[in-house]
Amino acid sequence: ALLTGCGSLTRLNRAALPLYEGGLLDQAADALPPMPEEGGKDRLLSLYDRGMILHAARRFEASNAALLEAAKLAESIELIGFAERSGTLVTNENFVDYRGEDYERVLCHTLIALNYLALGSVPDALVECRRALEVHKKIRSLRGGDDRINAFALYLSGLCYELGGQPNDALIDYRACYELAPAFPPLPEHLLRLTKALGMVQEHAGWVRRFGRDAEAPPPGTGEVVAILEAGRAPAKVSGGLLGILPDLEHQPSWTASATLLVDGVPLAPTVVLNDVETWARATLEERAGMLLAKRAAILAGKEV
């Protein structure tokens with residue numbers, strides 16, 4: 001999901017990337033070079049790349065070692081305004097250190113949370129969910145943009161709160177997620193069940209009217225299974241976009257559009273997309289297109305003077 005950097009990605013991981021794309025995940029993880037040196041060029045991109053490949057190979061502790069360092073490095077890179085970043089991109093994006101995209105900062109913490117869940121550490125996963133939401137909030141305050149891209153982080157945070165025995169906090173995140181993604185199928189059951197369990201009579205009645213049903217009482221001794229599918233690849237960033245100024249995003253086809261969960265051979269539910277990384281990436285690029293063009297015009301005017 002994070003593999004959206006420029007040409008340096010293949011330079012840093014020339015051996016690992018083809019194996020990763022071919023689904024040979026253990027071999028890709030074994031082919032990764034050592035951790036990049038501090039201060040090295042494109043260190044952030046290399047850490048993102050490494051963390052994603054190790055995550056896919058289910059080497060969760062090693063993945064977190066890379067992603068936690070990436071998150072720390074991204075935090076140390078001041079969240080600069082559009083104008084300054086535009087100047088860097090316009091003058092020569094290929095020759096500056098990779099600063100990372102805004103959505104990658106949020107996804108990094110989300111992947112760390114998924115790693116912690118796989119390792120059975122719910123409190124650590126919850127911390128990373130909150131960090132993902134804090135990073136997104138900070139980015140929104142600086143740059144604006146669409147809140148809907150954050151729906152998965154909210155939903156994951158709600159799940160973590162439930163797993164941690166904090167239903168009130170889980171309900172807050174489920175409500176917020178519903179505002180961003182009201183068509184997401186699991187949310188009605190969460191909202192109905194928790195408001196009923198917490199004795200929120202008026203709110204529960206409102207959800208019953210909205211959804212036309214009440215929560216289903218689970219059979220005794222049963223639990224809930226949540227399947228999280230990470231499918232496909234993010235678009236590749238390439239040069240030669242708008243007027244040769246903006247980078248462009250090249251769609252990467254995927255064999256997998258969805259999956260269906262089966263129990264004892266019986267199909268129970270299909271997966272539903274909650275966060276489309278490609279849509280998120282394109283929205284990020286479009287948000288700064290105007291500023292990039294204005295900056296380029298200023299540079300050209302300055303050269304004429």
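The structure we're discussing is the one just above.
Residues numbered from 1 in each chain as written. Predicted model: local features only at pLDDT ≥ 70, side-chain atom pairs only at ≥ 80, totals over all residues. Heavy atoms only, no water.

> What exactly am I supposed to notice about the packing of helix α11 (residues 187-197) against helix α12 (residues 201-211) here?
When two helices pack together, their arrangement is given by the angle between their axes and by how far apart the axes lie. Close contact between α11 and α12 brings their axes to 8 Å; oriented N to C, the two are set at 150 degrees. Classified by the angle between their axes, α11 and α12 sit roughly antiparallel to one another. Between α11 and α12 the crossing geometry is left-handed. Every residue of α12 that contacts α11 at Pro-188, Leu-191, Leu-192, Thr-195 and Lys-196 is listed here: Glu-203, His-204, Trp-207, Val-208 and Phe-211. Partitioning the contact of α11 with α12 into residue classes produces six nonpolar, two polar and two charged. (Axes fitted to C-alpha atoms, helices over the stretch in contact; angles between N-to-C directions. Helix = DSSP H or I, 4+ residues; strand = E, 2+ residues; numbered from the N terminus. Parallel < 35°, antiparallel > 145°, perpendicular 65-115°, else oblique. Left-handed = near helix turned anticlockwise from the far one by under 90°. Contact = heavy atoms within 4.5 Å. Nonpolar A, V, L, I, M, F, W, Y, C, P; charged D, E, K, R; others polar.)

> Sorry, what's going on with the environment of Gln-166 here?
Relative to the helices and strands, Gln-166 resides in the loop between α9 (151-163) and α10 (167-180). Those residues within four positions of Gln-166 in sequence are excluded, and the remaining contacts are Leu-126 and Tyr-161.

> Whenever I open this one, the nonpolar core confuses me. Can you help?
When a protein is soluble and globular, its nonpolar side chains tend to lie buried together. Cys-108, Tyr-155, Tyr-174, Leu-187 and Leu-274 are the most contacted members of the largest nonpolar core, which totals 63 residues. Sequence-distant contacts of Leu-274, defined by excluding residues within four places in its chain, comprise Ala-151, Phe-152, Tyr-155, Ala-181 and Phe-184. (Core = buried A, V, L, I, M, F, W, Y, C linked by side-chain atoms within 4.5 Å. Buried < 20%, exposed > 50% of the residue type's maximum accessible area, 1.4 Å probe, protein only.)

> It is not clear to me how α9 should be interpreted in this structure. Could you clarify?
One turn of the α-helix equals 3.6 residues, which is why residues spaced by three or four share an orientation. Taking 1.5 Å per residue, 13 residues should reach 18 Å; α9 reaches 19 Å between its end C-alpha atoms and fits that length. In terms of burial, α9 is largely enclosed, as 11 of its 13 residues are buried. Listed as buried for α9 are Ala-151, Phe-152, Ala-153, Leu-154, Tyr-155, Leu-156, Ser-157, Gly-158, Leu-159, Cys-160 and Tyr-161. Gly-165 occupies a position one or two residues after α9 and carries a positive phi of about 75 degrees. (Expected span 1.5 Å × (residues − 1).)

> Teacher, can you tell me more about a nonpolar patch on the surface here?
Together, Val-225, Leu-261, Val-263, Val-266 and Leu-268 line one region of the surface with nonpolar side chains, adding up to about 440 Å² of accessible area. Contributions of two or more residues to the nonpolar patch are made by β3 (260-263) and β4 (266-270). Structurally, Leu-268 is set in strand β4. (Patch = residues over 30% accessible without salt bridge, like charges linked within 9 Å, V, L, I, M, F, W, Y side chains within 5 Å. Areas by Shrake-Rupley, 256 points an atom, 1.4 Å probe, with all protein chains shown as cover. Salt bridge = Lys/Arg side-chain N within 4 Å of Asp/Glu carboxyl O.)

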